[in-house]
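Commentary on secondary and tertiary structure
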Amino acid sequence: MTAAVIRSGRLSDAPRLRAIAAAAFGPFTAQIGRAPAPMSMDFEAAIAAGHALVAHGESEGALFGYAICYRDSDRPSALHINSVAVDPAAQGGGIGRGLIAACEEMAHAGGFRLVTLYTNEAMTGALALYPRLGYREIHRGLELGFRRVYFEKTLRAEEGA
């Protein structure tokens with residue numbers, strides 16, 4: 001696969017983002033006991049608010065993945081990554097890492113000191129990935145019926161520059 005290009009989401013991307021979420025998170029439904037939270041996201045609202053980044057190939061219509069990130073309402077000095085998903089057919093090629101890096105660049109450009117995120121404890125791949133990307137686990141808890149693991153990463157002044 002060719003390298004992915006990352007751009008801001010467009011309203012016309014919403015159906016594809018919904019399909020990516022279903023493909024990426026759907027397999028966890030049985031283990032979690034219900035559909036993972038990203039599967040019920042209002043992608044149109046996230047895109048309209050400027051919170052969506054998408055990864056595509058040479059054709060902008062061929063979307064491989066997305067990230068939703070925005071100011072953390074509980075921690076004004078942090079950018080929160082709400083969701084990152086890559087189509088299973090495109091996983092393993094660094095697209096997810098690229099989307100996370102793009103969110104971190106946005107955080108740096110926006111003057112944020114931290115990037116926060118969480119994942120479901122059933123998503124063991126993500127639990128292994130985030131520490132490799134410099135995130136540290138800060139909390140585990142039950143929220144809205146989901147067993148979540150919370151992470152944060154402190155940005156250094158030179159990151160994103």
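Residues numbered from 1 in each chain as written. Predicted model: local features only at pLDDT ≥ 70, side-chain atom pairs only at ≥ 80, totals over all residues. Heavy atoms only, no water.

A word on the nonpolar core
The biggest cluster of nonpolar side chains holds 48 residues, and the ones touching the most others in it are L17, F43, Y66, I81, I100 and Y135. Ignoring anything within four residues of it in the chain, the contact list for F43 reads A14, L17, R18, A21, P38, Y66 and I68. (Core = buried A, V, L, I, M, F, W, Y, C linked by side-chain atoms within 4.5 Å. Buried < 20%, exposed > 50% of the residue type's maximum accessible area, 1.4 Å probe, protein only. Contact = heavy atoms within 4.5 Å.)

With respect to the pattern of salt bridges
Per the counting criterion, the structure on display carries 10 salt bridges. Across the salt bridge formed by D13 and R7, the nearest N and O atoms sit 2.8 Å from each other. For the pair D13 and R7, a shared accessibility class is recorded, and that class is buried. The salt bridge involving E44 is made with R18; its shortest N-O contact spans 2.7 Å. Of the two residues, E44 is situated in helix α3 (residues 43-48) and R18 in helix α1 (residues 14-25); the sequence distance between them amounts to 26 residues. (Salt bridge = Lys/Arg side-chain N within 4 Å of Asp/Glu carboxyl O. Helix = DSSP H or I, 4+ residues; strand = E, 2+ residues; numbered from the N terminus.)

A closer look at helix α4 (residues 95-109)
In this model, α4 (15 residues) spans 21 Å end to end at C-alpha, consistent with the 21 Å of a helix rising 1.5 Å per residue. Here α4 has its buried residues at I95, G96, L99, I100, A102, C103, E104 and A107. (Expected span 1.5 Å × (residues − 1).)

Things to note about the pairing of strand β2 (residues 52-56)
When a strand is regular, its side chains alternate between the sheet's two faces. Taken across its five residues, β2 has five buried, putting it largely inside the fold. In this structure, strand β1 (residues 5-8) lies alongside β2, joined through four bridges in antiparallel fashion. Residue R7 lies in a different strand from β2, and its bridge partner there is V54. One ladder, built from five bridges, connects β2 with strand β3 (residues 63-71); its direction is antiparallel. Note that in β3 the partner of A52 across the bridge is I68. (Pairing = 2+ DSSP bridges.)

Some thoughts on the sheet that holds strand β6 (residues 136-143)
What the seven strands build is an open sheet, ordered β1-β2-β3-β4-β5-β7-β6; its pairing is mixed. At either margin of the open sheet sits one strand with a lone partner, and together these are β1 and β6. Sheet twist, expressed as the mean angle between neighbouring strand axes with direction ignored, is 25°. The pairing of strand β4 (residues 78-86) with strand β5 (residues 114-120) spans four bridges and is parallel. In the strand pairing of β5, L79 is matched with V115. Contacting β2, β3 and β4, α1 crosses the sheet at an angle of about 95° to β3. Strands β1, β2, β3, β4, β5 and β7 (146-154) of the sheet are contacted by α4, whose axis makes an angle of about 160° with β4. (Axes fitted to C-alpha atoms, helices over the stretch in contact; angles between N-to-C directions.)

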